[in-house]
There are 2 protein chains.
Amino acid sequence: MLPRGRPRAMGVAVLLLLLLLVIGFFLFGRDPEYGLGTTATLDGDLYGSRNLSASSPQLLLPPKCEMLHVAVVCAGYNSSREIVTLMKSVLFYRKNPLHLHLITDAIARNILETLFRTWMVPAVVVSFYDAEELKPLVSWIPNKHYSGLYGLMKLVLPSILPLSLARVIVLDTDVTFSSDIVELWAFFGHFSDKQVVGLVENQSDWYLGNLWKNHRPWPALGRGFNTGVILLWLDRLQQTGWEQVWKLTAKRELLTQTATSLADQDIFNAVIKEHPELVHPLPCVWNVQLSDHTLAERCYLEAADLKVIHWNSPKKLQVKNKHAEFFRSLHLTFLGYDGKLLRREPFGCPNHFPPGAEQLQQALAQLDEEEPCFEFRQQQLTVHRVHITFLSYQPPPPQPHDVTLVAQLSMDRLQMLEALCRHWPGPMSLALYLTDAEAQQFLHFVDMSPVLSVRKDVAYHVVYRDGPLYPVNQLRNVALAQALTPYVFLSDIDFLPAYSLYDYLRASIEQLELGGRRKAALVVPAFETLHYRFSFPKSKAELLTLLDAGSLHTFRYHEWPQGHASTDYSRWREAQAPYRVQWSAHYEPYVVVPRDCPRYDPRFVGFGWNKVAHIIELDAQEYEFLVLPEAFSIHLPHAPSLDISRFRSSPTYRDCLQALKEEFHQDLSRRYGSAALKYLTALQLSRSRA
Amino acid sequence: MLPRGRPRAMGVAVLLLLLLLVIGFFLFGRDPEYGLGTTATLDGDLYGSRNLSASSPQLLLPPKCEMLHVAVVCAGYNSSREIVTLMKSVLFYRKNPLHLHLITDAIARNILETLFRTWMVPAVVVSFYDAEELKPLVSWIPNKHYSGLYGLMKLVLPSILPLSLARVIVLDTDVTFSSDIVELWAFFGHFSDKQVVGLVENQSDWYLGNLWKNHRPWPALGRGFNTGVILLWLDRLQQTGWEQVWKLTAKRELLTQTATSLADQDIFNAVIKEHPELVHPLPCVWNVQLSDHTLAERCYLEAADLKVIHWNSPKKLQVKNKHAEFFRSLHLTFLGYDGKLLRREPFGCPNHFPPGAEQLQQALAQLDEEEPCFEFRQQQLTVHRVHITFLSYQPPPPQPHDVTLVAQLSMDRLQMLEALCRHWPGPMSLALYLTDAEAQQFLHFVDMSPVLSVRKDVAYHVVYRDGPLYPVNQLRNVALAQALTPYVFLSDIDFLPAYSLYDYLRASIEQLELGGRRKAALVVPAFETLHYRFSFPKSKAELLTLLDAGSLHTFRYHEWPQGHASTDYSRWREAQAPYRVQWSAHYEPYVVVPRDCPRYDPRFVGFGWNKVAHIIELDAQEYEFLVLPEAFSIHLPHAPSLDISRFRSSPTYRDCLQALKEEFHQDLSRRYGSAALKYLTALQLSRSRA
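Residues numbered from 1 in each chain as written. Chains lettered and ligands numbered in written order. Predicted model: local features only at pLDDT ≥ 70, side-chain atom pairs only at ≥ 80, totals over all residues. Heavy atoms only, no water.

A short note on the overall build of chain A
Here is step 1 of the chain: Along the backbone of chain A there are 27 helices and 23 strands.
Here is step 2 of the chain: Taken over 690 residues, chain A has a buried fraction of 59%.
Here is step 3 of the chain: In chain A, the proportion of contacts linking residues at least 24 apart, taken out of those at least 6 apart, comes to 79%.
Here is step 4 of the chain: Per element, the accessible surface of chain A, about 27900 Å² overall, is 55% carbon and sulfur. (Helix = DSSP H or I, 4+ residues; strand = E, 2+ residues; numbered from the N terminus. Buried < 20%, exposed > 50% of the residue type's maximum accessible area, 1.4 Å probe, protein only. Contact = heavy atoms within 4.5 Å. Areas by Shrake-Rupley, 256 points an atom, 1.4 Å probe, with all protein chains shown as cover.)

Below is the structure:
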């Protein structure tokens, strides 16, 4: 398109002018009145948001594969769930490696460390910073905002983030991305030399001070800015003496204001009012605020692209808004999005694998897809994302004989939870095998249940579904690892314990002096009913009456008596004191053990042998089995699981289970030597009988 | 930035040149060697794909809200599932109104008409075209490709699409979008006057003719082009005499070729070889081909953005590829994506609501959220997406006395299907209440099951989940509407029919001469077992023995005898011939009726009264209830559903059900007058007793 030859100067000038016009037209689209203005005010003529967002950031995209830094302050259970949805939306669109800087309290750190370790997202680095250390830096500021001290911490990020970090995007947990975060990062390229902070205008009239009589907000430039999305140029901030600047401003304002109303945002705005040169205004689409009385519509009705939605109404997703359905659908997209699909590497950048990911990939690649037990092997190797303490939780106070009920379940057993809560008034640690979408249904289910919503001593750990076989022992291990009392009752979700069991177990532990060096597994005898509606026995005497009447049976008496034969139910009928029993083949009682007991063998997935192997392990480690004379729990009827149906109908399934058993015994021999021989002999004996 | 004052001509020239360079740098990014070339060959130096895709289409975006047209040829059950995933990916990113032109066989039309009608996506218009009509136009072309005649139909689209349609994007069903389709549409703006078809280069060596000895592909320009994604400029095609051109070429080539190997693609390529001026080459990212031996890596490793993935390997998602995981995760995103989230209107365009959507929105908006039965009302109004005949299906041959078993289920009852298939060798119509992700698990489950995968007479209809209450009667109505035999057995998924029931019912229908004007509901007496493992009685005699032994009971004998009291089990024991029984309050037998029987009342959602109301309706319409002496079915044990648990624990739930019952009776009185009084009296009587 460039003219050849040596044209005359005027000719060139005219030609270039024309070219410039043509290119300008392409660049700035069909609305030539929208310039490249960098301000984007809700009232001004220079709207600019559409063009800014659609075109200009792409012009200054950072080098391919540049690491982008994102900081989020996150505290407590609810924010820890929110940040996951935020991160899913960011990861879905991102193409760059990311470094997350998470400023967390102990609760969020515990949750998010486990989550990101098990999520194994390539090209994502996560660093944690202790919010406790920041508290003294902001605790002198009175704050009326619900976010409390954490709401103020964005002010002091430059003090805690590494000095090497020049620029960072700071996000609230209640935002959702609908675009590639690199486009936001690109705005750093538009900063003038003086500018240190990029912000979107506040999309309400709050700072205009006319919301109600005597409403006296903190000072702000016009409508002020919203701090849900911030571009922070950290090294420049330090050079400009940011710490002194904001502290001075805050102290001065606090002479007339009693407190901040909107936490850090009030102080950011007061500083900007005084030093407008510090702020680089961002187009409104990068922080579409859905607060009450929002004016955001003025922004997005003009915008072809929404980039970031900010759920900054106290009503959150329930916010009333003409376009709420549209925004909700964006948010729900990521709420229910299967996080494992984000375990994909960005293209064309050097690979950053999270710890363990490469070995895992290799191990998976070495599996033989044609091998009959391929599905089993693959399932065993699967690393499931784990979100521990998914809901609010109050850990039990430390007590030397306390017992946590440990169990696992999937969606089809949710209806057991209320009954379980009524039967077990003590702490519980439950692993739930759910999809991301089901986790949200579960949350709703607990919220709606008057029984469950008040129980803060039940810890729910979500293990995200991946693969066709139920990873029963991995689930048990997650629940077991999160139990915080000295003892655990290893139960199954279909069992309801005797009403008195929690108290009785604690008393028994104390009486038997298990705290010392005695290694014991207390057996809770298992029964079953076949009736949907069933009046639960209040005592052992009532239970025995029902047993004699045929309304109750010992567990699996008809189908699999070996499983509980060692418990010796006839002795239990008469027993007044705990009695010791010996292990025998296929024994799989429900037991109470110290929480540092052996873990379950994760190789057993799907149906079969998952508890049996654990009991063998206890026996091999010389745990005594002591049957408790007043303890019992009762299995309620349910349809056979998909796994048990497959076990029954598929010879391959049974063969694979057999192969797993043999491998288990080989491992056992390696670890316990000749002492483990009895288990192998028992297995062989039972096979020759079969 | 523009200089003020009146500069000298040379000064302007230099300044403009500088500006141009700066803007050029912004526009064309960090790789100045990549020009704005419009060709994108795998071997050439002018790669250009990244820049083309990242920048230039945005420069020529069509006017906001322009309607984009998309044509897809779709035939059979598998393609009908594929196109849903394709459309989800398109709808997820699109911002423009869309008009879909679907060229379908009768199967796909039946499925997709229902799907789109119930999907209710705003700003999507769907037109159907009969593929049958196109067959004669292409049937003269021998084709070795698995797509058969349908694979050739893209050639004749200009003949079937409306004359008013100037341009259309043509897609294969096996592509997945990861970007806004308007960016693809924008390439029409790059076409020269001569160009009529936009295509991406074929990403394999196929057309080079060196794949194996004596491999003689159809002629093509270099590597040729792939026709999975086509931009067709329809009116220009007609002007250039497209029909004559391609037919001539095809006929000439067929003098030496025995058939097309790759269907339409061979012919498109042969035409382009002869008339290269017709093609506008598209950047490779718009059709990343994952065929075996693909060279696609050369494209996407350079590309920041993948736009369209083409699963054109016969292995489809199982394709082996270094980056297969990445591509699969994109595809799985939409496979499992909740389609109802796409019921969102594009912003800022005039609203195009699908039929019924506005009334529905109004009705939903009028509900009072504070009302205790809000959840019920909302659930009743919910329009669920419905994908009928989700899996391959062979409708039963027409037989005058044939019976289809009709039932509904959700994921937690999948394990019943195999047993049901063993007990019922006849046709079934089953509605499944699933999420999009569960529908894929279900597909896998059927594929893996030797029992289910061979049964082509079972029609599975997926009703997509939406809302907290199980829409039991809406599900039943979907399954009922899709039953194709003259009679239906209205059963529930937890029941297994007697092995002989299918034959016995057909014989009974014939004997009772139900084909005439006689309105009858044949009652199949219901029993239950409480045992997981259970030897199903082979005959009525065996059943009676089990009943006497207490291993079987009449259904809900202990909990709710009213439900089946009218069946009169003691009479049934002795009966040798069908006997008539009278309706009584709460009667809810399982019945065989003509398929044009009354529908279920969709107001009953969740637990309770859903069958009772239907039986009342039958009685009000004067169906005779005839109990069949040799018929029976047996209910297997399962855990109580979430809905029944809620019913039992929530007084509100029970109150709402009561309110629904009363409304039902009011409607009944309106429709049947004083004849309906007996039902109301019965209800009031039962309430006064309670």
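Topic: the sheet that holds strand 7 (residues 225–233) of chain B
All names here are of chain B.
Here is step 1 of the chain: In space, the seven strands of this open sheet follow the order 3-2-1-4-7-6-8, with mixed pairing throughout. The open sheet has two free edges, formed respectively by strand 3 (124–130) and strand 8 (279–282), since each of these has just one partner strand. For this sheet, the mean inter-axis angle between neighbouring strands, taken without regard to orientation, is 25°.
Here is step 2 of the chain: Bridge analysis of strand 6 (residues 197–201) against strand 7 gives four bridges, and the strand direction is antiparallel. Note on strand 7: the bridge partner recorded for V197 is L232.
Here is step 3 of the chain: Its contacts with the sheet place helix 4 (residues 76–93) against strand 1 (68–74), strand 2 (98–104), strand 3 and strand 4 (167–171), and it is angled at close to 160° to strand 1.
Here is step 4 of the chain: Set on the sheet, helix 11 (residues 264–274) makes contact with strand 6, strand 7 and strand 8; between it and strand 7 the angle comes to about 65°. (Pairing = 2+ DSSP bridges. Axes fitted to C-alpha atoms, helices over the stretch in contact; angles between N-to-C directions.)

Description of the packing of helix 4 of chain B against helix 5 (residues 106–119) of chain B
Residue and element names in this part refer to chain B.
Here is step 1 of the chain: Viewed as axis vectors pointing N to C, helix 4 and helix 5 meet at an angle of 30°, and their least axial separation amounts to 9 Å. Crossing hand, helix 4 versus helix 5: right-handed. Of the residues in helix 5, those in contact with G76, Y77, S80, I83, V84, M87, K88 and L91 of helix 4 are I107, A108, I111, L112, L115, F116 and W119.
Here is step 2 of the chain: In the contact of helix 4 with helix 5, the residues fall into 12 nonpolar, two polar and one charged. (Left-handed = near helix turned anticlockwise from the far one by under 90°. Nonpolar A, V, L, I, M, F, W, Y, C, P; charged D, E, K, R; others polar.)

Considerations on the state of the cysteines
Residue and element names in this part refer to chain A.
Here is step 1 of the chain: Tallied over the entire structure, the rule returns four disulfides over all chains.
Here is step 2 of the chain: One disulfide bridge connects C373 with C656, the sulfur atoms lying 2.2 Å from each other. The disulfide joining C373 to C656 has a torsion of about -105° about its S-S bond and is therefore left-handed. With C373 in the loop between helix 14 (357–366) and helix 15 (374–381) and C656 in helix 26 (residues 651–672), this pair connects stretches of sequence that are 283 residues apart. (Disulfide = S-S within 2.5 Å.)

A few points about the environment of P142(A)
Residues and elements named next belong to chain A.
Here is step 1 of the chain: By the secondary structure assignment, P142 is in the loop between helix 6 (131–138) and helix 7 (157–160).
Here is step 2 of the chain: Given a relative accessible area of 34%, P142 falls into the partly exposed group.
Here is step 3 of the chain: Residues P142 and D494 lie 352 residues apart in sequence; the distance between their C-alpha atoms is 50 Å.
Here is step 4 of the chain: When neighbours within four sequence positions are excluded, P142 is seen to be in contact with L254, T258, A259 and T260.

Observations regarding the sheet that holds strand 23 (residues 633–635) of chain B
Residue and element names in this part refer to chain B.
Here is step 1 of the chain: Reading across the sheet, the four strands line up as 16-23-18-19 and stay open at both edges, with mixed pairing between neighbours. Edge positions in the open sheet fall to strand 16 (495–497) and strand 19 (552–554), since each of these has one partner strand only. With strand direction ignored, the average angle separating the axes of adjacent strands in the sheet is 35°.
Here is step 2 of the chain: By the bridge criterion, three bridges tie strand 16 to strand 23 in an arrangement that is antiparallel. Each bridged residue has a counterpart across the sheet, and for P497 the counterpart in strand 23 is S633.
Here is step 3 of the chain: Helix-sheet contacts for helix 21 (residues 540–548) involve strand 18 (526–529), strand 19 and strand 23, and the interaxial angle to strand 19 is about 95°.

A short note on the environment of W242(B)
Residues and elements named next belong to chain B.
Here is step 1 of the chain: As for its position among the elements, W242 is in helix 10 (residues 242–253).
Here is step 2 of the chain: Among the residues examined, W242 registers a relative accessible area of 6% and is labelled buried.
Here is step 3 of the chain: Along the chain, W242 and F327 lie 85 residues apart, while their C-alpha atoms are 36 Å from each other.
Here is step 4 of the chain: Residues contacting W242, with those up to four places away along its chain left out, are L155, P158, L237, F268 and V271.

Things to note about the pairing of strand 21 (residues 590–594) of chain A
All names here are of chain A.
Here is step 1 of the chain: For strand 21, the tally of buried residues reaches five of five residues, placing the bulk of the element in the interior.
Here is step 2 of the chain: Relative to strand 21, strand 17 (residues 520–524) is paired through three bridges, and the arrangement is antiparallel. Its bridge partner lying in strand 21, V524 is registered against Y590.

A few points about the pattern of salt bridges
Residues and elements named next belong to chain A.
Here is step 1 of the chain: Evaluated as defined, the whole model comprises 68 salt bridges over all chains.
Here is step 2 of the chain: Ionic pairing is found between D172 and K154, a salt bridge with its closest N-O pair at 2.6 Å. On the criterion of sequence distance, the pair formed by D172 in the loop between strand 4 (167–171) and strand 5 (175–177) and K154 in the loop between helix 6 and helix 7 is long-range, its members being 18 residues apart.
Here is step 3 of the chain: A salt bridge links R603 to D667, with the shortest nitrogen-to-oxygen separation between them at 2.5 Å. Within this pair, whereas R603 is found in the loop between strand 21 and helix 24 (610–620), its partner D667 is found in helix 26, the two being separated by 64 residues in sequence.
Here is step 4 of the chain: Connected via shared salt-bridge partners are K88, D338, K340, R343, R385, D436 and D466. (Salt bridge = Lys/Arg side-chain N within 4 Å of Asp/Glu carboxyl O.)

Points about helix 20 (residues 501–511) of chain A
All names here are of chain A.
Here is step 1 of the chain: Among the residues of helix 20, those classed as buried are L501, Y502, Y504, L505, S508 and I509. Here the buried residues of helix 20 occupy an arc of 165° about the axis, which is enough to place them on one side.
Here is step 2 of the chain: Tucked inside the fold, the buried residues of helix 20 contact strand 12 (403–410), strand 15 (487–490), strand 16 (495–497), strand 17 and strand 21.
Here is step 3 of the chain: Looking one or two residues beyond helix 20, the residue adopting positive phi is E513, at roughly 55°. (Arc of directions from axis to C-beta.)

Thoughts on the packing of aromatic side chains
Aromatic ring pairs are described here by two measures, namely the spacing of the ring centres and the angle between the planes.
Here is step 1 of the chain: Inspection of every chain in the model, using the stated rule, returns 63 aromatic pairs over all chains.
Here is step 2 of the chain: Geometrically, the ring pair formed by F326(A) and F327(A) is edge-to-face, given 6.1 Å between the ring centres and 90° between the ring planes. Of the two residues examined, F326(A) and F327(A), each falls in the buried class.
Here is step 3 of the chain: Both rings, one in W583(B) and one in Y679(B), keep their centres 4.8 Å apart while their planes meet at 85°; by these two values the pair is edge-to-face. Here W583(B) is found in the loop between strand 20 (579–581) and strand 21 (590–594), whereas its partner Y679(B) is found in helix 27 (residues 677–689), with 96 residues between them in sequence.
Here is step 4 of the chain: Feature note: the residues F92(A), Y93(A), F334(A), Y337(A), F92(B), Y93(B), F334(B) and Y337(B) constitute an aromatic cluster, connected by ring pairs.
Here is step 5 of the chain: The lysine or arginine in question, R344(A), covers the ring of F326(B), its NZ or CZ lying 5.5 Å from the ring centre.
Here is step 6 of the chain: Across the ring face of W119(B), the terminal group of R385(B) is positioned such that the distance to the ring centre comes to 5.7 Å. (Phe/Tyr/Trp six-rings, centres within 6.5 Å; stacked < 30°, edge-to-face > 60°. Lys NZ or Arg CZ within 6 Å of the ring centre and 35° of its normal.)

A few points about the pairing of strand 22 (residues 624–627) of chain B
Residues and elements named next belong to chain B.
Here is step 1 of the chain: Taking every second residue as pointing to the same face, both faces of strand 22 are buried, with E624 and L626 on one and F625 and V627 on the other.
Here is step 2 of the chain: Note that strand 17 (residues 520–524) and strand 22 share four bridges and pair parallel. Paired with L522 across the two strands is L626, which belongs to strand 22.
Here is step 3 of the chain: Where strand 20 and strand 22 come together, three bridges link them in antiparallel fashion. In the sheet register, V581 faces strand 22, and the bridge partner there is F625.

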